[in-house]
Amino acid sequence: AQSVAQPEDQVNVAEGNPLTVKCTYSVSGNPYLFWYVQYPNRGLQFLLKYITGDNLVKGSYGFEAEFNKSQTSFHLKKPSALVSDSALYFCAVRASLYNQGGKLIFGQGTELSVKP
Amino acid sequence: SQTIHQWPATLVQPVGSPLSLECTVEGTSNPNLYWYRQAAGRGLQLLFYSVGIGQISSEVPQNLSASRPQDRQFILSSKKLLLSDSGFYLCAWSGHVIYGYTFGSGTRLTVV
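Please read all numbers here as calculations on a predicted model, not as lab measurements. (Residues numbered from 1 in each chain as written. Chains lettered and ligands numbered in written order. Predicted model: local features only at pLDDT ≥ 70, side-chain atom pairs only at ≥ 80, totals over all residues. Heavy atoms only, no water.)

**Topic: the pattern of salt bridges**
Close approach of charged atoms allows side chains with opposite charge to pair.
Then comes step 1: Applying the stated rule across the entire model yields seven salt bridges over all chains.
Then comes step 2: With a shortest N-O distance of 2.8 Å, Asp 85 of chain A and Lys 78 of chain A are connected by a salt bridge.
Then comes step 3: Ionic pairing is found between Glu 59 of chain B and Lys 103 of chain A, a salt bridge with its closest N-O pair at 3.1 Å. In this pair, Glu 59 of chain B sits in the loop between strand E6 (55–58) and strand E7 (65–70) while Lys 103 of chain A sits in the loop between strand E10 (87–95) and strand E11 (105–106), so the two residues belong to two different chains. (Salt bridge = Lys/Arg side-chain N within 4 Å of Asp/Glu carboxyl O. Helix = DSSP H or I, 4+ residues; strand = E, 2+ residues; numbered from the N terminus.)

Next comes the structure, spelled out in structure tokens:
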């Protein structure tokens, strides 16, 4: 069965410091991996995805993520955090096999708090 | 370009009243459509998904139902709301498997 784990409910970072939001996954076949961000009372916004190719993926707002197949991880990173990055972040995985309506499996979310 | 519309943005309904939330997608055809509920501002629970007109898959037994009367229209309904139906409801669409979802802006439902 597919699953995604975000081991940290909350991550606290000082503005200007690097940030990492962790994600590990379990899926049969090759994974398609995604990160989304959600601001209060808003829908989820796409940040980046890994489908194939380079393990380091660059996305919106200066975020990047590193796909590590041996560790089944897809951690989200940013070299220098901004207060405006404070939000709820979701990792998601989709199996390469197109079944069950192509559902994304989401992690439980990590609340990122960036303090000035 | 593709867009997704979800309404209303907020809704306050009494217990026992009916519910109808609508989601429409523009700029694409035959999308996969999804309804999620987010409780307590955190985890996403997949409620229903649809791969075509009239095709609805339910993920969890509950007080809600979904319908897809047209290719780009997805409706979430209830005949009688419960307090536990309160939450933030999100509609999403997806195309090919290599793409993720595009989410609507959500509906905050409060059952009183």
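**Here's the deal with the state of the cysteines**
Then comes step 1: Evaluation of the coordinates by the stated rule reveals two disulfides over all chains.
Then comes step 2: Two residues, Cys 23 of chain A and Cys 91 of chain A, share a disulfide whose sulfurs are 2.0 Å apart. Across the S-S bond of Cys 23 of chain A and Cys 91 of chain A the torsion is about -65 degrees, and the bridge reads as left-handed. Of the two residues, Cys 23 of chain A sits in the loop between strand E3 (19–21) and strand E4 (24–26) while Cys 91 of chain A sits in strand E10, which places them 68 residues apart along the sequence.
Then comes step 3: Accessibility expressed as a relative area gives 0% for Cys 23 of chain A, which makes it buried.
Then comes step 4: Here Cys 23 of chain B pairs with Cys 91 of chain B through a disulfide, and the sulfurs are 2.0 Å apart. Disulfide Cys 23 of chain B-Cys 91 of chain B: torsion about the S-S bond near -80 degrees, hence left-handed. Here Cys 23 of chain B is found in strand E3 (residues 19–26), whereas its partner Cys 91 of chain B is found in strand E9 (residues 87–94), with 68 residues between them in sequence.
Then comes step 5: Residue Cys 23 of chain B is classed as buried on the basis of its relative accessible area of 0%. (Disulfide = S-S within 2.5 Å. Buried < 20%, exposed > 50% of the residue type's maximum accessible area, 1.4 Å probe, protein only.)

**A look at the sheet that holds strand E1 (residues 3–7) of chain B**
All names here are of chain B.
Then comes step 1: In space, the four strands of this open sheet follow the order E1-E3-E8-E7, with antiparallel pairing throughout. The open sheet has two edge strands, E1 and E7, and neither has a second partner. Across this sheet, the average inter-strand angle for adjacent strands is 20 degrees, counted without regard to direction. (Pairing = 2+ DSSP bridges. Axes fitted to C-alpha atoms, helices over the stretch in contact; angles between N-to-C directions.)

**Focus on the nonpolar core**
Residue and element names in this part refer to chain A.
Then comes step 1: Of all hydrophobic cores here, the largest spans 27 residues; its most connected members are Trp 35, Leu 47, Leu 48, Phe 74, Leu 76 and Tyr 89.
Then comes step 2: Where this core is concerned, the elements lending two or more residues are strand E2 (10–14), E3, strand E5 (31–38), strand E6 (44–50), strand E8 (64–68), strand E9 (73–78), E10 and strand E12 (110–115).
Then comes step 3: Among the elements that line this core, the one with the most residues is E10, at four residues.
Then comes step 4: With near-sequence residues (within four places) excluded, Tyr 89 lies in contact with Gln 6, Trp 35, Tyr 36, Val 37, Leu 47, Phe 63, Leu 76, Gly 109, Thr 110 and Leu 112. (Core = buried A, V, L, I, M, F, W, Y, C linked by side-chain atoms within 4.5 Å. Contact = heavy atoms within 4.5 Å.)

**Here we look at the interface of chain B and chain A**
Then comes step 1: With 26 residues of chain B at the contact, the number on the chain A side is 26 residues.
Then comes step 2: Taking both partners together, chain B and chain A bury about 2000 Å²; carbon and sulfur atoms supply 52% of that area.
Then comes step 3: Summed over the shared surface of chain B and chain A, the result is two salt bridges.
Then comes step 4: Viewed at the interface, chain A and chain B are joined by ten residue pairs in polar contact (both at pLDDT 80 or more).
Then comes step 5: Among the secondary structure elements, those contributing two or more residues to the side of chain B that touches chain A are strand E4 (32–38), strand E5 (44–52) and E9 of chain B.
Then comes step 6: In terms of residue class, the side of chain B that touches chain A is made up of 13 nonpolar, ten polar and three charged. (Buried area = accessible area lost by both parts, 1.4 Å probe. Polar contact = N/O pair within 3.5 Å; in protein donor to acceptor, adjacent residues only side chain to side chain. Nonpolar A, V, L, I, M, F, W, Y, C, P; charged D, E, K, R; others polar.)

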